[in-house]
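Examination of the molecular architecture
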Amino acid sequence: MSYHANEKGYYGEFGGAYIPEMLYPNCEELRQNYLQIMQEPSFQEEFHHLLKDYVGRPTPLYFAERLSKKYNTKIYLKREDLCHTGAHKVNNTIGQILMAKKLGKNRIIAETGAGQHGVATATVCALMGIECVVYMGEIDIARQAPNVARMKMLGAEVRPATSGSKTLKDATNEAIRDWINNPVDTHYIIGSVVGPHPYPDMVARFQSVISEEIKSQLLEKESRENPDYVVACVGGGSNAAGAFYHFLDTPEVGIIAVEAAGKGIHSGESAATSALGKVGIIHGSKTLLMQTSDGQITEPYSISAGLDYPGVGPMHAHLYTSGRGEFISITDDDAMQAGLELCKLEGIIPAIETSHALAIFEDRKFNENDIVVVNLSGRGDKDLQNYIDYFKL
Ligand SMILES: *Cc1c(COP(=O)(O)O)cnc(C)c1O
(Lines give C-alpha, C1' and ligand atoms only; values in the text may rest on other atoms or scores of the structure.)
Protein backbone atom coordinates (compact mmCIF):
# COMPACT_ATOMS: atom_id res chain seq x y z
CA MET A 1 0.00 0.00 0.00
CA SER A 2 1.26 3.48 -0.83
CA TYR A 3 0.56 6.43 1.39
CA HIS A 4 0.88 8.91 -1.46
CA ALA A 5 -2.05 10.32 -3.44
CA ASN A 6 -3.27 8.35 -6.45
CA GLU A 7 -3.92 10.16 -9.74
CA LYS A 8 -7.44 11.14 -8.65
CA GLY A 9 -6.06 12.65 -5.48
CA TYR A 10 -7.18 9.91 -3.10
CA TYR A 11 -5.28 8.73 -0.06
CA GLY A 12 -7.21 5.52 0.67
CA GLU A 13 -10.82 6.70 0.95
CA PHE A 14 -9.84 10.32 1.63
CA GLY A 15 -9.19 13.26 -0.68
CA GLY A 16 -10.71 13.83 -4.12
CA ALA A 17 -12.23 17.05 -5.41
CA TYR A 18 -15.76 17.75 -4.14
CA ILE A 19 -16.28 21.15 -5.69
CA PRO A 20 -19.11 23.19 -7.17
CA GLU A 21 -19.35 22.90 -10.95
CA MET A 22 -18.39 26.56 -11.36
CA LEU A 23 -14.98 25.85 -9.83
CA TYR A 24 -14.30 22.85 -12.02
CA PRO A 25 -12.39 24.67 -14.82
CA ASN A 26 -10.00 26.32 -12.34
CA CYS A 27 -9.13 23.10 -10.52
CA GLU A 28 -8.99 21.13 -13.74
CA GLU A 29 -6.46 23.49 -15.33
CA LEU A 30 -4.23 23.10 -12.28
CA ARG A 31 -4.72 19.34 -12.09
CA GLN A 32 -3.82 18.81 -15.73
CA ASN A 33 -0.64 20.86 -15.49
CA TYR A 34 0.86 20.77 -12.00
CA LEU A 35 2.92 17.59 -12.25
CA GLN A 36 4.36 18.41 -15.63
CA ILE A 37 5.24 21.98 -14.62
CA MET A 38 6.88 20.81 -11.40
CA GLN A 39 9.06 18.42 -13.38
CA GLU A 40 10.29 21.03 -15.86
CA PRO A 41 14.00 21.73 -15.33
CA SER A 42 13.42 25.51 -15.50
CA PHE A 43 10.83 25.23 -12.71
CA GLN A 44 13.05 23.05 -10.52
CA GLU A 45 16.00 25.36 -11.06
CA GLU A 46 14.12 28.51 -10.04
CA PHE A 47 12.37 26.78 -7.12
CA HIS A 48 15.64 25.50 -5.67
CA HIS A 49 17.45 28.76 -6.34
CA LEU A 50 14.82 30.69 -4.35
CA LEU A 51 14.70 28.08 -1.57
CA LYS A 52 18.45 28.48 -1.20
CA ASP A 53 19.08 32.21 -1.62
CA TYR A 54 15.73 33.68 -0.53
CA VAL A 55 14.34 31.24 2.06
CA GLY A 56 17.75 30.21 3.40
CA ARG A 57 17.67 26.45 2.77
CA PRO A 58 18.83 23.90 3.60
CA THR A 59 17.68 24.55 7.16
CA PRO A 60 19.96 22.92 9.76
CA LEU A 61 19.29 19.53 11.32
CA TYR A 62 20.40 20.25 14.85
CA PHE A 63 21.24 17.65 17.50
CA ALA A 64 19.57 18.93 20.68
CA GLU A 65 22.01 17.64 23.25
CA ARG A 66 20.47 18.89 26.49
CA LEU A 67 16.92 18.00 25.42
CA SER A 68 18.16 14.54 24.43
CA LYS A 69 19.84 14.06 27.78
CA LYS A 70 16.70 15.01 29.66
CA TYR A 71 14.53 12.49 27.78
CA ASN A 72 17.23 9.85 27.38
CA THR A 73 16.98 9.51 23.59
CA LYS A 74 18.57 11.18 20.55
CA ILE A 75 16.52 14.19 19.48
CA TYR A 76 17.27 16.14 16.32
CA LEU A 77 15.45 19.38 15.46
CA LYS A 78 14.76 20.24 11.82
CA ARG A 79 15.04 24.02 11.95
CA GLU A 80 12.18 25.31 9.77
CA ASP A 81 11.97 28.19 12.25
CA LEU A 82 15.05 29.59 10.49
CA CYS A 83 13.25 29.96 7.14
CA HIS A 84 12.65 33.50 5.89
CA THR A 85 9.37 34.71 7.52
CA GLY A 86 9.90 32.31 10.43
CA ALA A 87 8.19 29.07 9.42
CA HIS A 88 7.82 26.35 6.80
CA LYS A 89 4.84 28.02 5.09
CA VAL A 90 7.03 29.95 2.66
CA ASN A 91 8.28 26.70 1.02
CA ASN A 92 4.75 26.24 -0.31
CA THR A 93 4.05 29.85 -1.29
CA ILE A 94 7.33 30.02 -3.25
CA GLY A 95 6.32 26.87 -5.11
CA GLN A 96 2.81 28.11 -5.83
CA ILE A 97 3.82 31.58 -7.03
CA LEU A 98 6.15 29.93 -9.57
CA MET A 99 3.31 27.60 -10.56
CA ALA A 100 1.01 30.61 -11.02
CA LYS A 101 3.56 32.31 -13.26
CA LYS A 102 3.95 29.18 -15.40
CA LEU A 103 0.15 29.04 -15.77
CA GLY A 104 0.18 32.67 -16.96
CA LYS A 105 -1.68 34.07 -13.92
CA ASN A 106 -1.08 37.68 -12.87
CA ARG A 107 -3.21 37.91 -9.75
CA ILE A 108 -3.07 35.93 -6.49
CA ILE A 109 -5.76 35.36 -3.89
CA ALA A 110 -5.46 33.61 -0.54
CA GLU A 111 -7.40 33.19 2.67
CA THR A 112 -5.89 33.39 6.10
CA GLY A 113 -6.99 32.78 9.68
CA ALA A 114 -4.26 33.88 12.04
CA GLY A 115 -2.48 35.67 9.20
CA GLN A 116 0.64 33.50 8.88
CA HIS A 117 -0.31 32.12 5.47
CA GLY A 118 -1.43 35.59 4.39
CA VAL A 119 2.01 36.96 5.26
CA ALA A 120 3.80 34.10 3.44
CA THR A 121 1.63 34.75 0.37
CA ALA A 122 2.06 38.55 0.48
CA THR A 123 5.82 37.98 0.76
CA VAL A 124 6.16 35.98 -2.46
CA CYS A 125 3.78 38.32 -4.31
CA ALA A 126 6.04 41.24 -3.38
CA LEU A 127 9.04 39.19 -4.50
CA MET A 128 7.45 38.65 -7.92
CA GLY A 129 5.62 41.98 -8.27
CA ILE A 130 2.22 40.27 -8.53
CA GLU A 131 -1.11 41.68 -7.27
CA CYS A 132 -2.23 40.02 -4.02
CA VAL A 133 -5.64 39.95 -2.32
CA VAL A 134 -5.92 38.20 1.06
CA TYR A 135 -9.36 37.39 2.50
CA MET A 136 -9.54 37.40 6.27
CA GLY A 137 -12.47 37.21 8.70
CA GLU A 138 -13.38 40.55 10.27
CA ILE A 139 -12.89 39.11 13.75
CA ASP A 140 -9.47 37.69 12.82
CA ILE A 141 -8.43 41.08 11.39
CA ALA A 142 -9.11 42.62 14.79
CA ARG A 143 -7.33 39.78 16.68
CA GLN A 144 -4.23 39.62 14.46
CA ALA A 145 -3.28 43.27 13.95
CA PRO A 146 0.50 42.72 13.55
CA ASN A 147 0.03 40.25 10.70
CA VAL A 148 -2.50 42.55 9.01
CA ALA A 149 0.11 45.30 9.19
CA ARG A 150 2.77 42.99 7.76
CA MET A 151 0.57 42.06 4.78
CA LYS A 152 -0.15 45.74 4.09
CA MET A 153 3.54 46.64 4.27
CA LEU A 154 4.23 43.86 1.77
CA GLY A 155 1.74 45.45 -0.62
CA ALA A 156 -1.22 43.08 -0.25
CA GLU A 157 -4.84 44.15 -0.03
CA VAL A 158 -6.56 42.60 3.00
CA ARG A 159 -10.30 42.17 2.37
CA PRO A 160 -12.53 41.51 5.39
CA ALA A 161 -15.01 38.61 5.30
CA THR A 162 -18.09 39.90 7.09
CA SER A 163 -20.48 36.94 6.82
CA GLY A 164 -21.11 34.05 9.22
CA SER A 165 -18.72 33.75 12.16
CA LYS A 166 -16.35 36.26 10.43
CA THR A 167 -13.40 33.86 10.76
CA LEU A 168 -11.38 31.46 8.58
CA LYS A 169 -14.20 29.48 6.98
CA ASP A 170 -15.95 32.69 5.91
CA ALA A 171 -12.69 34.01 4.46
CA THR A 172 -12.37 30.72 2.55
CA ASN A 173 -15.89 31.15 1.13
CA GLU A 174 -15.02 34.67 -0.06
CA ALA A 175 -11.80 33.48 -1.69
CA ILE A 176 -13.64 30.68 -3.53
CA ARG A 177 -16.27 33.19 -4.72
CA ASP A 178 -13.48 35.44 -6.03
CA TRP A 179 -11.83 32.52 -7.85
CA ILE A 180 -15.09 31.53 -9.53
CA ASN A 181 -15.44 35.11 -10.79
CA ASN A 182 -11.81 35.34 -12.01
CA PRO A 183 -11.00 31.95 -13.51
CA VAL A 184 -8.57 33.16 -16.18
CA ASP A 185 -6.09 35.54 -14.56
CA THR A 186 -6.14 34.43 -10.89
CA HIS A 187 -4.41 31.65 -8.94
CA TYR A 188 -5.67 30.70 -5.47
CA ILE A 189 -2.78 29.87 -3.08
CA ILE A 190 -4.01 27.42 -0.44
CA GLY A 191 -1.79 27.30 2.64
CA SER A 192 -1.83 23.67 3.77
CA VAL A 193 -2.35 20.11 2.51
CA VAL A 194 -6.11 20.70 2.39
CA GLY A 195 -8.67 21.61 -0.28
CA PRO A 196 -9.63 19.80 -3.48
CA HIS A 197 -7.20 17.70 -5.51
CA PRO A 198 -4.53 18.60 -6.63
CA TYR A 199 -3.82 20.97 -3.69
CA PRO A 200 -2.99 18.40 -0.97
CA ASP A 201 -0.58 16.56 -3.26
CA MET A 202 0.94 19.73 -4.74
CA VAL A 203 1.52 21.35 -1.34
CA ALA A 204 2.97 18.09 0.08
CA ARG A 205 5.42 17.94 -2.84
CA PHE A 206 6.55 21.54 -2.26
CA GLN A 207 7.02 20.86 1.45
CA SER A 208 8.73 17.51 0.83
CA VAL A 209 12.06 19.36 0.62
CA ILE A 210 12.00 19.07 4.44
CA SER A 211 12.29 15.26 4.50
CA GLU A 212 14.60 15.26 1.48
CA GLU A 213 17.04 17.36 3.51
CA ILE A 214 16.54 15.29 6.68
CA LYS A 215 17.67 12.19 4.76
CA SER A 216 20.91 13.65 3.47
CA GLN A 217 21.68 15.49 6.73
CA LEU A 218 21.12 12.38 8.82
CA LEU A 219 23.32 10.37 6.48
CA GLU A 220 26.10 12.86 7.13
CA LYS A 221 25.64 12.94 10.91
CA GLU A 222 24.61 9.36 11.74
CA SER A 223 25.63 7.41 8.63
CA ARG A 224 22.02 6.43 8.01
CA GLU A 225 19.24 8.09 6.03
CA ASN A 226 16.29 7.02 8.11
CA PRO A 227 15.49 8.11 11.65
CA ASP A 228 13.52 5.81 13.94
CA TYR A 229 10.77 8.42 14.30
CA VAL A 230 9.69 11.69 12.71
CA VAL A 231 7.46 13.96 14.79
CA ALA A 232 5.46 16.98 13.64
CA CYS A 233 2.47 19.04 14.74
CA VAL A 234 -0.63 18.95 12.56
CA GLY A 235 -3.01 21.82 11.87
CA GLY A 236 -4.01 21.27 8.25
CA GLY A 237 -0.89 19.14 8.05
CA SER A 238 1.60 20.77 5.67
CA ASN A 239 4.74 20.85 7.82
CA ALA A 240 3.98 17.27 8.88
CA ALA A 241 3.40 16.16 5.27
CA GLY A 242 6.76 17.67 4.30
CA ALA A 243 8.59 16.04 7.21
CA PHE A 244 6.95 12.63 6.62
CA TYR A 245 6.93 12.64 2.81
CA HIS A 246 10.04 10.63 1.94
CA PHE A 247 9.46 8.23 4.85
CA LEU A 248 5.79 7.42 4.16
CA ASP A 249 6.53 4.16 2.36
CA THR A 250 9.41 3.17 4.68
CA PRO A 251 7.70 1.23 7.49
CA GLU A 252 10.85 1.19 9.69
CA VAL A 253 10.38 4.93 10.21
CA GLY A 254 7.71 5.66 12.81
CA ILE A 255 5.47 8.61 12.01
CA ILE A 256 4.09 10.64 14.90
CA ALA A 257 1.50 13.36 14.28
CA VAL A 258 0.66 15.72 17.12
CA GLU A 259 -2.67 17.51 17.35
CA ALA A 260 -3.97 20.22 19.65
CA ALA A 261 -6.19 18.91 22.45
CA GLY A 262 -6.91 22.50 23.54
CA LYS A 263 -8.37 22.39 27.05
CA GLY A 264 -8.73 18.59 26.79
CA ILE A 265 -10.19 16.26 24.16
CA HIS A 266 -13.55 16.01 25.91
CA SER A 267 -13.70 19.59 27.15
CA GLY A 268 -15.67 20.88 24.16
CA GLU A 269 -12.73 23.20 23.44
CA SER A 270 -10.34 21.19 21.29
CA ALA A 271 -8.90 20.79 17.81
CA ALA A 272 -7.92 17.08 18.05
CA THR A 273 -9.41 16.07 14.71
CA SER A 274 -8.31 12.44 14.62
CA ALA A 275 -9.76 11.75 18.06
CA LEU A 276 -12.98 13.73 17.56
CA GLY A 277 -13.51 13.83 13.80
CA LYS A 278 -15.80 11.84 11.53
CA VAL A 279 -15.70 11.42 7.78
CA GLY A 280 -17.10 14.41 5.95
CA ILE A 281 -16.32 16.99 3.31
CA ILE A 282 -14.58 20.27 4.03
CA HIS A 283 -13.04 22.71 1.54
CA GLY A 284 -13.60 20.30 -1.34
CA SER A 285 -11.91 17.30 0.24
CA LYS A 286 -13.23 14.12 1.86
CA THR A 287 -11.47 13.80 5.17
CA LEU A 288 -11.90 13.63 8.94
CA LEU A 289 -13.49 16.69 10.46
CA MET A 290 -15.07 17.77 13.70
CA GLN A 291 -18.83 18.01 13.22
CA THR A 292 -22.12 17.85 15.04
CA SER A 293 -24.41 14.80 14.69
CA ASP A 294 -26.23 16.55 11.83
CA GLY A 295 -23.01 17.34 9.98
CA GLN A 296 -22.39 20.99 10.86
CA ILE A 297 -18.72 21.85 11.31
CA THR A 298 -17.79 22.34 14.97
CA GLU A 299 -15.86 25.48 15.92
CA PRO A 300 -12.38 24.22 16.93
CA TYR A 301 -10.26 25.63 19.75
CA SER A 302 -6.54 25.70 20.48
CA ILE A 303 -4.27 28.24 22.17
CA SER A 304 -2.24 28.02 18.97
CA ALA A 305 -3.83 29.82 16.02
CA GLY A 306 -2.11 27.57 13.47
CA LEU A 307 -3.61 24.35 14.87
CA ASP A 308 -7.09 25.79 15.31
CA TYR A 309 -8.62 24.03 12.28
CA PRO A 310 -11.67 21.70 12.34
CA GLY A 311 -10.30 19.25 9.74
CA VAL A 312 -7.06 17.63 8.75
CA GLY A 313 -5.60 17.02 5.29
CA PRO A 314 -6.62 13.76 3.58
CA MET A 315 -3.08 12.31 3.80
CA HIS A 316 -3.26 12.53 7.57
CA ALA A 317 -6.80 11.12 7.74
CA HIS A 318 -5.43 8.10 5.86
CA LEU A 319 -2.32 7.82 8.05
CA TYR A 320 -4.62 7.77 11.06
CA THR A 321 -7.27 5.29 9.93
CA SER A 322 -4.73 2.93 8.32
CA GLY A 323 -2.63 2.90 11.50
CA ARG A 324 0.53 4.01 9.63
CA GLY A 325 0.76 7.12 11.80
CA GLU A 326 0.65 7.38 15.58
CA PHE A 327 -1.55 10.31 16.63
CA ILE A 328 -1.03 12.08 19.95
CA SER A 329 -2.95 15.08 21.23
CA ILE A 330 -1.46 17.67 23.57
CA THR A 331 -3.25 20.22 25.74
CA ASP A 332 -2.60 23.98 25.77
CA ASP A 333 -0.92 23.71 29.17
CA ASP A 334 1.45 20.90 28.22
CA ALA A 335 2.39 22.66 24.98
CA MET A 336 3.17 25.93 26.76
CA GLN A 337 5.41 24.14 29.28
CA ALA A 338 7.26 22.29 26.51
CA GLY A 339 7.79 25.56 24.63
CA LEU A 340 9.33 27.16 27.70
CA GLU A 341 11.45 24.08 28.28
CA LEU A 342 12.99 24.34 24.80
CA CYS A 343 13.88 27.98 25.54
CA LYS A 344 15.68 27.02 28.75
CA LEU A 345 17.40 23.86 27.46
CA GLU A 346 18.38 24.85 23.93
CA GLY A 347 18.04 28.63 23.63
CA ILE A 348 15.31 28.32 20.98
CA ILE A 349 11.90 30.01 21.33
CA PRO A 350 9.47 27.84 19.32
CA ALA A 351 6.08 28.72 17.83
CA ILE A 352 3.24 27.46 20.03
CA GLU A 353 2.19 25.10 17.21
CA THR A 354 5.63 23.49 17.36
CA SER A 355 5.53 23.35 21.16
CA HIS A 356 2.79 20.75 20.83
CA ALA A 357 5.19 18.40 19.02
CA LEU A 358 7.87 18.99 21.67
CA ALA A 359 5.44 18.13 24.48
CA ILE A 360 5.16 14.42 23.58
CA PHE A 361 8.40 13.52 25.36
CA GLU A 362 6.84 13.75 28.84
CA ASP A 363 4.66 10.69 28.23
CA ARG A 364 5.84 9.03 25.02
CA LYS A 365 9.11 7.28 25.87
CA PHE A 366 11.76 6.28 23.34
CA ASN A 367 14.80 3.99 23.56
CA GLU A 368 18.17 5.48 24.38
CA ASN A 369 19.52 4.81 20.88
CA ASP A 370 16.42 5.90 18.97
CA ILE A 371 16.90 8.78 16.58
CA VAL A 372 13.86 11.04 16.82
CA VAL A 373 13.57 13.99 14.42
CA VAL A 374 11.16 16.74 15.49
CA ASN A 375 10.13 19.21 12.82
CA LEU A 376 10.57 22.63 14.41
CA SER A 377 7.91 24.22 12.19
CA GLY A 378 8.29 27.84 13.29
CA ARG A 379 9.73 30.40 15.67
CA GLY A 380 7.94 31.93 18.60
CA ASP A 381 8.32 35.66 17.91
CA LYS A 382 4.75 35.85 16.62
CA ASP A 383 3.53 34.20 19.85
CA LEU A 384 5.34 36.42 22.30
CA GLN A 385 2.15 38.07 23.60
CA ASN A 386 0.61 34.62 24.23
CA TYR A 387 3.70 33.50 26.14
CA ILE A 388 3.70 36.79 28.12
CA ASP A 389 0.03 36.41 29.08
CA TYR A 390 0.33 32.71 29.92
CA PHE A 391 3.47 32.85 32.05
CA LYS A 392 2.82 36.41 33.35
CA LEU A 393 6.29 37.42 32.14
C1 LIG B 1 0.64 27.35 10.19
C2 LIG B 1 1.58 26.68 11.10
C3 LIG B 1 1.41 25.33 11.49
C4 LIG B 1 0.21 24.51 11.09
O5 LIG B 1 0.04 24.32 9.72
P6 LIG B 1 0.36 22.94 9.02
O7 LIG B 1 -0.20 23.08 7.66
O8 LIG B 1 -0.31 21.86 9.83
O9 LIG B 1 1.83 22.78 9.03
C10 LIG B 1 2.36 24.74 12.30
N11 LIG B 1 3.43 25.44 12.75
C12 LIG B 1 3.62 26.73 12.41
C13 LIG B 1 4.82 27.44 12.94
C14 LIG B 1 2.71 27.39 11.59
O15 LIG B 1 2.91 28.68 11.26
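Refer to the structure above for everything that follows.
Reading the values: the criteria
- Residues numbered from 1 in each chain as written.
- Predicted model: local features only at pLDDT ≥ 70, side-chain atom pairs only at ≥ 80, totals over all residues.
- Heavy atoms only, no water.
- Helix = DSSP H or I, 4+ residues; strand = E, 2+ residues; numbered from the N terminus.
- Rg over C-alpha atoms; globule rule 2.2 N^0.38 Å.
- Buried < 20%, exposed > 50% of the residue type's maximum accessible area, 1.4 Å probe, protein only.
- Contact = heavy atoms within 4.5 Å.
- Areas by Shrake-Rupley, 256 points an atom, 1.4 Å probe, with all protein chains shown as cover.
- Lys, Arg positive; Asp, Glu negative; His and termini not counted.
- Charge placed at Lys NZ, Arg CZ, Asp CG, Glu CD.
- Phe/Tyr/Trp six-rings, centres within 6.5 Å; stacked < 30°, edge-to-face > 60°.
- Lys NZ or Arg CZ within 6 Å of the ring centre and 35° of its normal.

1. Focus on the overall build of the chain
Of regular secondary structure, the chain possesses 16 helices and 14 strands. Relative to the 2.2 N^0.38 estimate, which gives 21 Å for 393 residues, the radius of gyration of the chain is 19 Å and therefore close to what a compact globule would have. The principal-axis extent of the C-alpha atoms belonging to the chain is close to 55 × 45 × 40 Å. For the chain, the residues scored as buried account for 58% of the 393 residues in total. Intrachain contacts of the chain at a sequence separation of at least 6 include 73% that bridge at least 24 residues. Put simply, the chain shows about 15,900 Å² of open surface, and 50% of that area lies on carbon and sulfur atoms. Here the chain holds 36 positive side-chain charges and 49 negative ones, and the gap between their average locations is 2 Å.

2. Here's the deal with the packing of aromatic side chains
Scanning all chains against the criterion turns up 13 aromatic pairs. Between Tyr229 and Phe366 the ring centres are 4.9 Å apart and the planes differ by 70°, which places this aromatic pair in the edge-to-face class. Remark: Phe366 occurs in the loop between α15 (352-358) and β14 (371-376) and Tyr229 occurs in strand β9 (residues 229-233); sequence separation between them is 137 residues. Look at Tyr390 and Phe391: their rings are 4.9 Å apart centre to centre, the planes differ by 80°, and that puts the pair in the edge-to-face class. Given a relative accessible area of 28%, Tyr390 falls into the partly exposed group. What links up through ring pairs into an aromatic cluster is the set Tyr71, Tyr229, Phe361 and Phe366. Positioned above the aromatic ring of Tyr301, the side-chain terminus of Lys263 is 5.1 Å from the ring centre. The side chain of Arg364 reaches across the aromatic face of Tyr229, ending 5.1 Å from its centre.

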